[in-house]
Amino acid sequence: MEAIVDNGEEWIEPMLEFRNLLAETQDPAKKQIYCQTKRRNGRVWEKADGSHIPGPYKFSVHQEFLRQLLEVQNKGQIRAVP
């Protein structure tokens, strides 16, 4: 995606920024900010050292991601690729 932007296709840059935001949520140090403690089945998984394994994204995070994605789309910055 970065190569596409580097080749002059600036229209895709907002999607690149959105992708980078999603990638940031995979940083283990930041998982607690974005993810729930409980899994979808209600269980909390723990490692041998007592730390928990994060579950799915929090509902508020889902809402914010959708809002941002729709904002990029509604601005008309995303177009169909021929």
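Just so it is clear, the structure is predicted and the values come from calculations on it, not from any experiment. Numbering of residues starts from 1 in every chain and runs along the sequence as written. Local features are withheld for residues below a pLDDT of 70 in this predicted model, meaning they are given only at 70 or higher, and side-chain atom pairs are given and counted only at 80 or more; totals for whole chains, interfaces and linings count all residues. Note that water and hydrogens are dropped before the side-chain values are worked out from all heavy atoms of the structure.

## Comments concerning the packing of aromatic side chains
Thought 1: Stacked, tilted and edge-to-face are the three classes assigned to paired rings of Phe, Tyr and Trp, where Trp is represented by its six-membered ring and a pair needs centres within 6.5 Å; plane angles under 30 degrees give stacked, over 60 edge-to-face, the rest tilted. Throughout the structure, instances matching the rule amount to two aromatic pairs.
Thought 2: When the centroid spacing of 6.2 Å and the interplanar angle of 85° are considered together, the rings of Phe18 and Phe65 count as edge-to-face. Separated by 47 residues along the polypeptide, Phe18 in helix H2 (residues 13-24) and Phe65 in helix H4 (residues 59-74) bring together distant segments of the chain. By the burial criterion, Phe18 is buried, and Phe65 matches it.
Thought 3: With centroids separated by 5.6 Å and ring planes inclined at 90°, the aromatic side chains of Tyr57 and Phe65 adopt a geometry described as edge-to-face.
Thought 4: When accessible area is computed with a 1.4 Å probe and restricted to protein chains, residues below 20% of their type maximum are described as buried, those above 50% as exposed, and intermediate ones as partly exposed. On the basis of relative accessibility, which here comes to 21%, the residue Tyr57 falls in the partly exposed class.
Thought 5: By relative accessible area, which is 10% here, Phe65 ends up buried.
Thought 6: Clustering of aromatic rings is evident, with ring pairs tying together Phe18, Tyr57 and Phe65. Comment: elements are numbered from the N terminus, with helices defined as DSSP H or I runs of at least four residues and strands as E runs of at least two.

## Digging into the nonpolar core
Thought 1: We define the nonpolar core as a collection of buried residues of types Ala, Val, Leu, Ile, Met, Phe, Trp, Tyr and Cys that are connected through side-chain atoms lying within 4.5 Å of one another. Counting residues in hydrophobic clusters, the biggest one holds five residues: Phe18, Tyr34, Cys35, Val61 and Phe65.
Thought 2: Whether two residues touch is decided by their heavy atoms; if any such pair falls within 4.5 Å, the residues are in contact. Setting aside anything within four residues of it in sequence, one finds Phe65 in contact with Phe18, Leu21, Leu22, Thr25 and Tyr57.

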